[in-house]
Amino acid sequence: MLSLHFLILVITNSRQYMQTAMAEHFKEASRCLTCLSYLNEPMHLICGYVCCLQCLNSLQKEPHGEGFLCPLCPVVSQKSDIRANPQLGELVSKVKELEPQLRVILQMNRRMKKFQVDVTLDVDTANNHLIISDDLRNVRRGRFKQNREEHAERFSHALCVLGSPRFTSGRHYWEVDVGTNKEWDVGVCRESVNRQGKILLSSELGFWTVGLINNQLYTASTTPFTGLWVSPRLRQMGIFLDMDMGTVSFYNISDGSHVFTFTKISTMEPLRPFFSPVDDMNDQSFLSICPVMNPGIVSPPNYPGQGE
Ligand SMILES: [Zn+2]
Ligand SMILES: [Zn+2]
């Protein structure tokens, strides 16, 4: 029989979920996909791409014509196809007014730490070019291939490694130190994701990740991908997975600000923490899982003798 306490918990959680999902939706819908700031005089390309009026100038033009190239898809829009959307403009001004409330709704909640789990790296899944520290908390790219047994569960080409444990239900929180790395992706993925050959990080393929490209563009692995406006720079990220609600949220630990939330993630099968240090072979660039007892403090990694 359902207890009253359980029922209240479910209602509170659903309300929180609705609030977070709506706040996330408004935040994303009011962003310009080109400058990543609030849309200013929003314009629609024929494919649905939205950007500010002044940002149209920074879109690439057709090589032999006047058409605008969409940064996300192959559709070309002629000048006459591009439409202003004053209703969206009004909505954006409302969202701007609500910004302080949205920030509060999306702000990292201290109670999330209650769900912190001890995540370690699963060497059997690690690509052979990745070096894993003895304590299974740090990963970086090595210069040489590591001598590890072949496993079907190992990523054959992509520089990826999964974390343990696997999650099947409930709420879980862990923190990752991304340091000063120029390129990385972290998040969760389905246990059954393809690990052979090249990997496309996409929520449609079971990867729900946030990453940094080229040391400048933060993205979420939606289809098409979502550019994220992140400030201050991400050094440590909190990841909160709610299997019951089907959401995974990312937070900037330095100020608790919200980075991104994936909603409606599939929880029909187990999920695993996901790490990909795509960075160069700099010895200082590693991804670290922060220890549970002392979140936020990362000791220098001690790698096993790898003959480098
Ligand atoms: Zn813009
Ligand atoms: Zn497009």
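Here, every reference points to the structure presented above.
Here we summarise the structure given alongside this text. Numbering of residues starts from 1 in every chain and runs along the sequence as written. To label them, take the chains in the order written and letter them from A, then take the ligands in the order written and number them from 1. Totals for whole chains, interfaces and linings use all residues, but because this is a predicted model, local features are given only for residues with pLDDT of at least 70 and pairs of side-chain atoms are given and counted only at 80 or more. Excluded from the side-chain calculation are hydrogens and water; included are all heavy atoms of the structure.

What follows is about the coordination of the zinc ion (ligand 2). Only nitrogen, oxygen and sulfur atoms qualify as donors, provided they sit within 2.8 Å of the metal or within 3.2 Å for Na, K and Ca; with water excluded from the atoms, sites may seem incomplete. For the zinc ion (ligand 2), the full set of protein donor atoms is Cys 47 (SG), Cys 70 (SG) and Cys 73 (SG), and the range of their distances to it is 2.2 Å. Burial classes: relative accessible area under 20% of the type maximum marks a residue as buried, over 50% as exposed, and values in between as partly exposed (1.4 Å probe, protein chains only). For Cys 73, a relative accessible area of 26% gives the class partly exposed.

Both trends apply: most residues other than glycine have a negative phi, and most peptide bonds are in trans. Note that the residue after Ser 164, namely Pro 165, is joined by a cis bond; omega there is 5°. Residue Pro 224 is reached from Thr 223 by a cis peptide bond, and omega for that bond is -10°. Per the convention used, a helix needs a DSSP run of H or I reaching at least four residues, while a strand needs a run of E reaching at least two, with both numbered from the N terminus. As for its placement among the helices and strands, Pro 224 is situated in the loop between β13 (217–220) and β14 (226–228). One non-glycine residue, Glu 41, lies in positive phi territory at about 50°. Examined against the element boundaries, Glu 41 turns out to sit in the loop between α1 (4–29) and β1 (42–44). Despite not being glycine, Leu 136 shows a phi value in the positive range, around 60°. The class for Leu 136 is partly exposed, based on a relative accessible area of 29%.

Here the focus is the sheet that holds strand β2 (residues 50–52). Reading across the sheet, the 3 strands line up as β2-β1-β5 and stay open at both edges, with antiparallel pairing between neighbours. With partners counted over all chains shown, the strands left at the sheet margins are β2 and β5 (83–84), one partner each. Sheet topology places β1 next to β2; 3 bridges connect them, and they run antiparallel. If you follow Met 43 over to β2, its bridge partner there is Cys 51. By definition, two strands form a pair when at least two bridges between them are found by DSSP.

With that settled, consider a nonpolar patch on the surface. Exposure above 30% relative accessible area and no salt bridge define the residues that can form patches, which grow by joining like charges within 9 Å and nonpolar side chains of Val, Leu, Ile, Met, Phe, Trp and Tyr within 5 Å. Each accessible area value is a Shrake-Rupley result obtained with a 1.4 Å probe; residue values ignore everything except the protein chains displayed when judging cover. Definition used for salt bridges: Asp or Glu carboxyl oxygen within 4 Å of a side-chain nitrogen of Lys or Arg. A cluster of nonpolar side chains, namely Leu 33, Leu 72 and Phe 225, defines an oily patch on the protein surface of about 230 Å² accessible area. Here Leu 33 shows up in the loop between α1 and β1.

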